[in-house]
Amino acid sequence: MRRYVLLGLVLALGLIMAVNAPVGGQRLGGKLIIAQGTDAESVDPINFTASPTASIMEHIIQTLVRLDIEDRDGQLETTPKGVLAESWSVSPDGKTWTFKLRSGIKFHDGTDLTADVVKLNLERALHPDCAAPFRGAVLGRLAYSPASATTGEVAKKNAIVWRANLLLGPEGNNVSVAITSGAALGVSVSGSAITVTAPAGTTAAAVIKAVNENAAANKLVWASNAPGSDGSGVVEPVAATRLAGFATSVEAPDASTVRINLASPFAPLLQHLAHTAATIVSAKRIREAIAAAPPCGKGLQDQVAGTGPFMLKEWKRGERMILVKNPNYWEKDAAGRPLPYVDELEWRVIPDDAARMIELERGTVHIAVRVPPLDVPRLQRDPNIVLDFTTSVRTIYIGMNVRERIPDKPDGAPNPLADKRVRQALNYCVDKEAIVKTIMGGQARVSDAPIVPQVFGYAKVGPYPFDPARAAALLREAGVTLPLKLKLHHPRGRYVRDVQIAQAVQAMLGTCRIEVELIPMEFVSFLALINKAPSEAEHQLYLLGWGTITLDADYGLYSLFHSSQWPPGPFNRGYYKNERVDALLQQGREEPDPAKRKAIYAEAQKLIWEDAPWIFSHSESQITGIRKNVKNAEVHVTERLILWKTWLE
């Protein structure tokens, strides 16, 4: 039986320093260095999307709860444990969750952890203007609506949405807005009343810009175009209109109590609150960030203060991030000794697999993630290196943009991938068994569902066999003119042998007269490319992976296949939509009975498999190289290293 601890997502790296004397067998001090293939995107919980980022973040910031995970003969069982929350309870109807916070915990900036801080963090993640990528996937069952009002008309392209500042809470209902005629464009604020003076011909876009650039107005509202309105229309006078409609699922009845109210039961709530997107940062930093960059304080991305075992010391983008020990960290080891043991962690960005392994063999890094399977025999012969083999909950796939046009607008190019017969043909053209055996060295599993077997709700619905004849027939049936030319964007160094997988897919599709141009990219830039609204998106094929780290099908399916999760922000980056799938995934979120949830997810996976919005490739196994002098480094099933209880000999 293998035991794991999930505390968000965690990785650590460091340069070698002097190590102090042991305490109870653990040596204190030193710098631990880890090599990974990609840099972090941000350390702000509302501004990241990838697990390498979250792996770092969880050393700095923490969640209310974590999941202890036990591997029982290949089946993963989870047990919630408290982190910032010491206990919790749920009402008999499953709709109200009450969390009691630990006392005496301070953030890195010296401020106290309180229920109001937790409330602010969760509401920031839920605020519609903050566009947090994981908002729907992780916290979507929590309600949050800031006070708001809409003026103008969508048909006239002058509709403006006015939303109360996040910090106002229910006080946002007292804010009013008005637009009056005047000689010059201007914004005035009196108490909680905002008046915009607009000369004839002023567009909604100009009003929005003027309001959002006014510091006094920003303390009250944020203005934006209403959906369907582009701001090009001329505004008309608006009588003073009061904002209304503030609502929230999150309450703070006292300093140590957080209450979450749901409209209906949500079975995996605790798993979702263990996600990095639900981590808690200093309210002081949030308020400072909002003041500097309204409405949500995106400037927090490299200035976060958490409660975790390490603090951010240095970040040289594209090269390294260094964290320093938090001397006031609250958690102790089993013997009551302070944590963490090492003084510093350093993540080094080394995208090239071979270069990463060379650094491990030389001893210039202590840990290297994503060891290429073909390097395993050589590394196993090195007496100074230990290889850790750990299962993963990550699925690797080639996503497909399924909209009728690319970009999805009237003058966009017709998209052959909009036809599911073409998408199915691509699946039949790719020999996944060959990828697993030759490229992955057998250290992977051919996908037979959109999620892996260890995840609750998994149902076997595949695989797509390698069948070029069937692929050719489908292409003929779809009326495709060959050769079909496509582009495949893919990252370098993010996933195990990602470049080689892309090259293999290119070659295999070529045998079906599908000519694929490969476009390798640095990972953060790659994410920016595919994280666009369909009307702006230009990608056709993209290589990506998804780890269902909550171990519940809701996170692995809703996030990637529900039509509410189209970018920008969320993760349905191929813009897939099936109304029946949408309905099933919503039912799966609301149904409390585990057996019924399994049946719901089985039907959803069958439909998704037939629609083929991906080339379903394989699920990874983790192979991690660790220097022998590194002790108690834990490799987690959700692709993280837990290093605050690690020491160097």
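Residues numbered from 1 in each chain as written. Predicted model: local features only at pLDDT ≥ 70, side-chain atom pairs only at ≥ 80, totals over all residues. Heavy atoms only, no water.

Undergrad: I'd like to hear about the sheet that holds strand 12 (residues 176-181), residue by residue, with values.
TA: Taking strand neighbours across the sheet as the criterion, the 4 strands line up as 13-14-12-16 in an open arrangement whose pairing is mixed. In the strand order of this sheet, the two ends are held by strand 13 (186-190) and strand 16 (238-242), each with one partner. The mean angle between the axes of side-by-side strands here comes to 15°, regardless of whether they run parallel or antiparallel. When strand 12 meets strand 14 (residues 193-198), the two strands line up parallel, connected through 6 bridges. The residue bridging V177 from the neighbouring strand is I194, located in strand 14. (Pairing = 2+ DSSP bridges. Helix = DSSP H or I, 4+ residues; strand = E, 2+ residues; numbered from the N terminus. Axes fitted to C-alpha atoms, helices over the stretch in contact; angles between N-to-C directions.)

Undergrad: Please give an account of the layout of surface pockets that cites residues and values.
TA: Summary: where empty space remains is shown by rolling a probe the size of a single water molecule over the atoms. Quantified by volume, the largest pocket comes out at close to 500 Å³. Lining the largest pocket are 17 residues, and of these R135, S564, W566, P568 and P570 lie nearest its centre. Taken as a whole, the second largest pocket holds about 400 Å³ of empty space. When its residues are assigned to classes, the lining of the second largest pocket shows 12 nonpolar, 5 polar and 3 charged. (1 Å grid on protein atoms, 1.4 Å probe; cavity = no way out; pocket = protein on both sides within 12 Å on 5 of 7 lines; lining within 4 Å. Points joined across faces, edges and corners; volume = space filled by probe spheres on them. Nonpolar A, V, L, I, M, F, W, Y, C, P; charged D, E, K, R; others polar.)

Undergrad: Account for the packing of aromatic side chains, with residues named and values stated.
TA: What characterises a pair of aromatic rings is the spacing of the ring centres plus the angle enclosed by the ring planes. All told, the structure shown has 23 aromatic pairs when counted by the stated rule. Ring plane angle 5° and centroid distance 3.6 Å describe the contact between Y397 and W614, whose orientation is recorded as stacked. Here Y397, found in strand 24 (residues 385-400), pairs with W614, found in strand 31 (residues 614-627); they are 217 residues apart in sequence, far enough to count as distant. Side by side, Y397 and W614 carry an identical accessibility label, which is buried. Look at F561 and Y576: their rings are 6.0 Å apart centre to centre, the planes differ by 90°, and that puts the pair in the edge-to-face class. Pair noted here: F561 is in helix 15 (residues 553-561) and Y576 is in the loop between helix 15 and helix 16 (579-590), with a separation of 15 residues, a long-range link. Grouping residues by exposure puts F561 and Y576 together as buried. Ring pairing ties together the aromatic residues Y397, Y428, Y464, Y542, F561, Y576, W609, W614 and F616, which thus form one cluster. Against the face of W315 rests R317, its NZ or CZ located 3.7 Å from the ring centre. Sitting over the ring of F523, R494 keeps its end group 5.5 Å from the ring centre. (Phe/Tyr/Trp six-rings, centres within 6.5 Å; stacked < 30°, edge-to-face > 60°. Buried < 20%, exposed > 50% of the residue type's maximum accessible area, 1.4 Å probe, protein only. Lys NZ or Arg CZ within 6 Å of the ring centre and 35° of its normal.)

Undergrad: Just give me the short version of the pairing of strand 24, but keep the residues and values in it.
TA: When a strand is regular, its side chains alternate between the sheet's two faces. The element strand 24 is extensively covered by neighbouring structure, given that 13 of its 16 residues are classed as buried. As defined by bridge partners, strand 24 adjoins strand 31 across 12 bridges and the pair is classed as antiparallel. Bridge pairing in strand 31 places T395 opposite S619. Bridge count between strand 24 and strand 30 (residues 541-547): 7 bridges; the pairing is antiparallel. Note on strand 30: the bridge partner recorded for I398 is L543.

Undergrad: Kindly report on helix 10 (residues 420-429), identifying the contributing residues and their values.
TA: For helix 10, the tally of buried residues reaches 8 of 10 residues, placing the bulk of the element in the interior. Every buried residue of helix 10 is listed here: V422, R423, Q424, A425, L426, N427, Y428 and C429.

Undergrad: Any details on empty space enclosed by the protein? Residues and values, ideally.
TA: As enumerated under the stated definition, the model contains 7 cavities of 30 Å³ or more in all. In this structure, the largest cavity is lined by 21 residues; those nearest its centre are T49, A50, S51, R394 and W546. Broken down by secondary-structure element, the contributors of at least two residues to the lining of the largest cavity are helix 1 (51-57), helix 14 (523-530) and strand 30. With 4 residues, strand 30 is the single largest residue contributor to the lining of the largest cavity.

Undergrad: Hey, could you go over the nonpolar core for me, with residue numbers and the actual values?
TA: Core analysis: the biggest nonpolar cluster contains 182 residues, and F99, W162, L426 and I514 have the highest contact counts within it. When residues in this core are grouped by element, the largest group, 7 residues, is from helix 2 (residues 115-126). The contacts of I514, once residues within four sequence positions are left out, are L426, C429, L475, L484, L486 and L509. Counting residues in each nonpolar core, the second largest holds 13 residues, with I33, I350, I385 and L387 among its members. (Core = buried A, V, L, I, M, F, W, Y, C linked by side-chain atoms within 4.5 Å. Contact = heavy atoms within 4.5 Å.)

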